[in-house]
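Letter by letter, the chains look like this.
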Amino acid sequence: MDSLAALATRAARAADPARTAPARPAGAFGPPHAASVIPLQTQVRPAGTFPQAAPVVAAPAPARDTPARQTTAIGALIRSHRLRIGLTQQELADLSTISVRALRDLEQGKARRPRSGTVQLVADALRLGPRARAALEEAAQQGRGTGPGRQEPTAPPTALHAMAGREGETHILAAELAESGTERLVNVVGLTGVGKTRLALAVAERLHGTGLPVHWYAFPGHRGDYLAPEDAALTTRLAALAGELFAPDGPGADPAVRGAAAAASLAEVVGEGPALLVLDGAPAAPPRIDRLTALLRTCPGLRLLVTSDAPWGMPGERIFLLSPLGLPGDGTEAGESPAVRLFLDHVRRSRPDFTATPADRDRAATVCRLLDGHPGALVAAASWLVVYDLETLCGCLAADPTALLDHLDPAGGAGDFRAQLCDRLSRLQPGPRALLDALSAPAAPHGDTRDRGHELSDLTRLTGLTPAECGRFLRDLLLSGTVSAVYRDGAARFHVLGLVRAALARPAEATAAAS
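Here the structure is a predicted model, which is why all the values come from computation and not from measurement.

A word on the overall build of the protein
Piece 1. A count of helical and extended segments in the protein gives 23 helices and nine strands.
Piece 2. Burial statistics for the protein: of 515 residues in total, 44% are counted as buried.
Piece 3. Taking the contacts inside the protein whose residues are at least 6 apart along the sequence as the reference set, 74% of them involve residues at least 24 apart.

See below:
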């Protein structure tokens, strides 16, 4: 391959033949050459003559044998200029410093909204004059303003089921991630099955309704209860980006160059305008900060919504702790609780003929309290109503809620939930784990659904820790999802989820499941 200096010389000579052509008699063949688009067809000229400059055109018409969906004005212009001066895509990519993949996607019409910086780099590499450069930028503006990405913003997956509760959480996150919002990186954390993916879907749907493009990527092994849009090309780009964000350093290309190339590839899809990228089921280990920073810098309008088991600890990260659903309180009707509504909704899916009586609603409220309003556990418990009645189900859950998870179909996610719960417990640091053991000592007899947990002052007396130490460990437990907080009458009470308490009561099985 030619050196960059040689490529630049070729581009310069092709862009301005007057630099190397012998002098012409004045007025022999028209005005001196100006940067313009030369037709691609071969021209037969008498010996000793030189080509005239072709007029600048807004964009060449697509080739007859190329489908219209694969051709854009900006792509056709770039290809025309490149072929005119005899450069390959790789050579033009080297001169412009953009990736060859990004250049190929531009020419093929896969990237319809290039950033202005990318257009400028290509124009510089092609040595375009003012008029041709203006035509290229005009074509790029047309793609940004009228392309399919603007008319039909990329849509998020389609949720299969309605969401119970979470209206407040949805409103807050949608406002923070909107174009006028203040956050660019939001990480929704919480225990497995608490509803992080469903909340992200609701936020994405609301923002998409305002015209914001939404790009969704689910990490391998993560299963969501939704129908993903079919866009293989975009999925490939997002997979490459996610791989580069989390890939460790290794042999081969410079990691910074690889990360920048992946960010530039996504930037050709996202453009400079606002967009939301959802990374669903992201690893708990944080991505490389330099690559994440490069992505946010390359795409100034991009917002990231992440669902993960733990915070990343990145600069500018907004940690959003998702707690279980609200439970029926004292003097509150059971049917008004989001947890009870979710549970009864799934009971009707298992038993379409089911009609809840007042007694059934009270038992449903008991189930929700025993499972602390955890959505995944409530859905699993409701599936057992094909075998048990509600009274029997309450008795089974009071004895051991994890026993019901052992016999469910692993394809439904219950087996994964139990293993991930045990793995979460095994990854706790000694300080938070000791505090979790202290919290697991019931403040009321086992199975008493009126157990209100412990206040901070109770925990300092039980453990001998200072309030500062106890507060740090409590924060770690809250972010892990193993402990929830109830704020009532100006005081906070902390208690362990019922499923976590049951797993702690069976340490041998918990260790085996985690391994």
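With respect to the nonpolar core
Piece 1. Counting 47 residues, the largest nonpolar core has Phe343, Val367, Leu393 and Leu436 as its most contacted members.
Piece 2. Sort the elements by how many residues they give to this core and helix H13 (residues 338-350) lands first, with six residues.
Piece 3. Sequence-distant contacts of Phe343, that is, excluding residues within four places in its chain, are made with Ala364, Val367, Cys368, Leu378, Ala381, Ala382, Leu385, Leu390 and Leu393.
Piece 4. Core analysis: the second largest hydrophobic core is formed by 23 residues, Leu173, Ala174, Leu201 and Leu276 among them.

A few points about the sheet that holds strand S7 (residues 318-321)
Piece 1. Across the sheet, which stays open at both edges, the five strands sit in the order S3-S5-S6-S2-S7 with parallel pairing between neighbours. In this open sheet, the two edge strands, each paired with only one partner strand, are strand S3 (214-218) and S7. Averaged over all pairs of adjacent strands, the angle between their axes in this sheet comes to 15 degrees, without regard to strand direction.
Piece 2. As paired strands, strand S2 (residues 185-189) and S7 are joined by four bridges and run parallel to one another. Counterpart to Val186 in the pairing with S7 is Arg318.
Piece 3. Of the strands in this sheet, S2, strand S5 (275-282), strand S6 (302-308) and S7 touch helix H8 (residues 167-177), which is tilted by about 170 degrees from S7.

Description of the packing of H13 against helix H14 (residues 358-370)
Piece 1. With their axes 9 Å apart at the nearest point, H13 and H14 run at an angle of 110 degrees to one another. Considering the angle they form, H13 stands roughly perpendicular to H14. Listed contacts from H14 to Ala339, Val340, Phe343 and Leu344 of H13 are Arg361, Ala364, Ala365, Val367 and Cys368.
Piece 2. For the contact of H13 with H14, a count of residues per class yields eight nonpolar, no polar and one charged.

Topic: helix H2 (residues 73-84)
Piece 1. With twelve residues, H2 extends 16 Å between its outermost C-alpha atoms, agreeing within 8% with the 16 Å of an ideal straight helix rising 1.5 Å per residue.
Piece 2. In terms of residue burial, H2 counts as a mostly covered element, since nine of its twelve residues are buried.
Piece 3. All of the buried residues in H2 are Ile74, Gly75, Ala76, Leu77, Ile78, Ser80, His81, Arg82 and Arg84.
Piece 4. Gly86 sits one or two positions beyond H2 and adopts a positive phi of about 75 degrees.

A word on the packing of H8 against helix H9 (residues 196-209)
Piece 1. For the pair H8 and H9, the least separation of the axes is 9 Å and the interaxial angle reads 55 degrees. With respect to each other, H8 and H9 are oriented oblique. The handedness of the crossing between H8 and H9 comes out as right-handed. Here H8 contributes Glu169, Thr170, His171, Leu173, Ala174 and Leu177 to the contact with H9, which in turn contributes Leu199, Ala202, Val203, Arg206 and Leu207.
Piece 2. Of the residues contributing to the contact of H8 with H9, the split by class is seven nonpolar, two polar and two charged.

Regarding the environment of Val340
Piece 1. Positionally, Val340 belongs in helix H13.
Piece 2. According to the relative accessible area criterion, Val340 is buried, its value standing at 0%.
Piece 3. When the C-alpha positions of Val340 and Pro328 are compared, they lie 7.8 Å apart, and in sequence the two are twelve residues distant.

A closer look at H14
Piece 1. The end-to-end C-alpha distance of H14, which contains 13 residues, comes to 19 Å, matching closely the 18 Å that a straight helix rising 1.5 Å per residue would cover.
Piece 2. Taken together, the buried positions of H14 are Asp360, Ala364, Ala365, Val367, Cys368 and Leu370.
Piece 3. The elements touched by buried residues of H14 are H13, helix H15 (375-382), helix H16 (390-399) and helix H22 (498-504).
Piece 4. Where H14 ends, the next residue or the one after it, Asp372, has phi of about 55 degrees, a positive value.

Remarks on the pairing of S6
It is a general feature of regular strands that their side chains alternate between the two faces of the sheet.
Piece 1. Most of S6 is tucked away, with seven of its seven residues classed as buried.
Piece 2. Burial along S6 is two-sided: Leu302, Leu304, Val306 and Ser308 and Arg303, Leu305 and Thr307, pointing in opposite directions, are all buried.
Piece 3. As defined by bridge partners, S2 adjoins S6 across five bridges and the pair is classed as parallel. Paired with Val189 across the strands is Ser308, a residue of S6.
Piece 4. Between S5 and its parallel partner S6, the chain crosses via helix H12 (residues 289-298), and the hand of that crossover is right-handed.

Some details on the side chain of Ser308
Piece 1. If you trace the backbone, Ser308 turns up in strand S6.
Piece 2. On the accessibility criterion, Ser308 (2% relative accessible area) is buried.
Piece 3. One polar contact links the side chain of Ser308 to the main-chain carbonyl oxygen of Ala282, over a distance of 3.4 Å.
Piece 4. Beyond its immediate sequence surroundings of up to four residues, Ser308 is in contact with Asn187, Val188, Val189, Gly190, Lys196, Ala282, Pro283 and Ala284.

Remarks on the pattern of salt bridges
Here the idea is simple: oppositely charged side chains can pair when their charged atoms come close.
Piece 1. Applying the stated criterion to the full structure yields 14 salt bridges.
Piece 2. As a salt-bridge pair, Asp309 and Arg424 come within 3.5 Å of each other at their nearest N and O atoms. With Asp309 in the loop between S6 and S7 and Arg424 in helix H18 (residues 414-426), this residue pair connects regions lying 115 residues apart in the sequence.
Piece 3. Take Asp309: its relative accessible area is 24%, and that puts it in the partly exposed class.
Piece 4. Among the salt bridges present, the one from Asp458 reaches Arg461, with a minimum N-O distance of 2.5 Å. With Asp458 and Arg461 both in helix H20 (residues 456-463) and three residues apart, this pair spans about one turn of that helix.
Piece 5. Within the structure, one salt-bridge network assembled from shared partners comprises Lys196, Asp309 and Arg424.

Thresholds, definitions, all that
- Along each chain, residues carry numbers from 1 onward, in the same order as the chain's sequence is written.
- Whole-chain, interface and lining totals are the exception, using all residues; otherwise, since this is a predicted model, local features are given only for residues with pLDDT of at least 70 and side-chain atom pairs are given and counted only at 80 or more.
- Side-chain calculation: all heavy atoms of the structure are included, whereas hydrogens and water are not.
- To qualify as a helix, a DSSP run of H or I must reach at least 4 residues; to qualify as a strand, a run of E must reach at least 2; elements of each kind are numbered from the N terminus.
- Burial status follows relative accessibility: with a 1.4 Å probe on protein chains alone, a residue under 20% of its type maximum counts as buried, one over 50% as exposed, and anything between as partly exposed.
- Only heavy atoms matter for contacts: two residues are in contact if any of them lie within 4.5 Å across the pair.
- What makes a nonpolar core is a set of buried Ala, Val, Leu, Ile, Met, Phe, Trp, Tyr and Cys residues whose side-chain atoms join them at distances within 4.5 Å.
- Only when DSSP finds a minimum of two bridges between them are two strands counted as paired.
- Under this scheme, a helix contributes an axis fitted over its contacting stretch, all axes are lines through C-alpha atoms, and angles between N-to-C directions fall in the 0 to 180 degree range.
- In these notes the angle categories are as follows: under 35 degrees is roughly parallel, over 145 is roughly antiparallel, 65 to 115 is roughly perpendicular, and the rest is oblique.
- Each residue gets one label: Ala, Val, Leu, Ile, Met, Phe, Trp, Tyr, Cys and Pro are nonpolar, Asp, Glu, Lys and Arg are charged, and the others, such as Gly, are polar.
- By definition here, a helix of n residues has an expected span of 1.5 Å times n minus one.
- Helix crossings fall into two classes, left-handed where the near helix is turned counterclockwise from the far one by less than a right angle and right-handed where it is turned clockwise.
- Seen with its strands pointing away from the viewer, a crossover is right-handed if its path from the first strand over the helix to the second goes clockwise.
- Any pair of nitrogen or oxygen atoms within 3.5 Å is treated as a polar contact; in protein, a donor-acceptor pairing is required on top of that, and neighbouring residues in sequence qualify only through side-chain atoms on both sides.
- By definition here, a salt bridge exists when the distance from a side-chain nitrogen of Lys or Arg to a carboxyl oxygen of Asp or Glu is within 4 Å.

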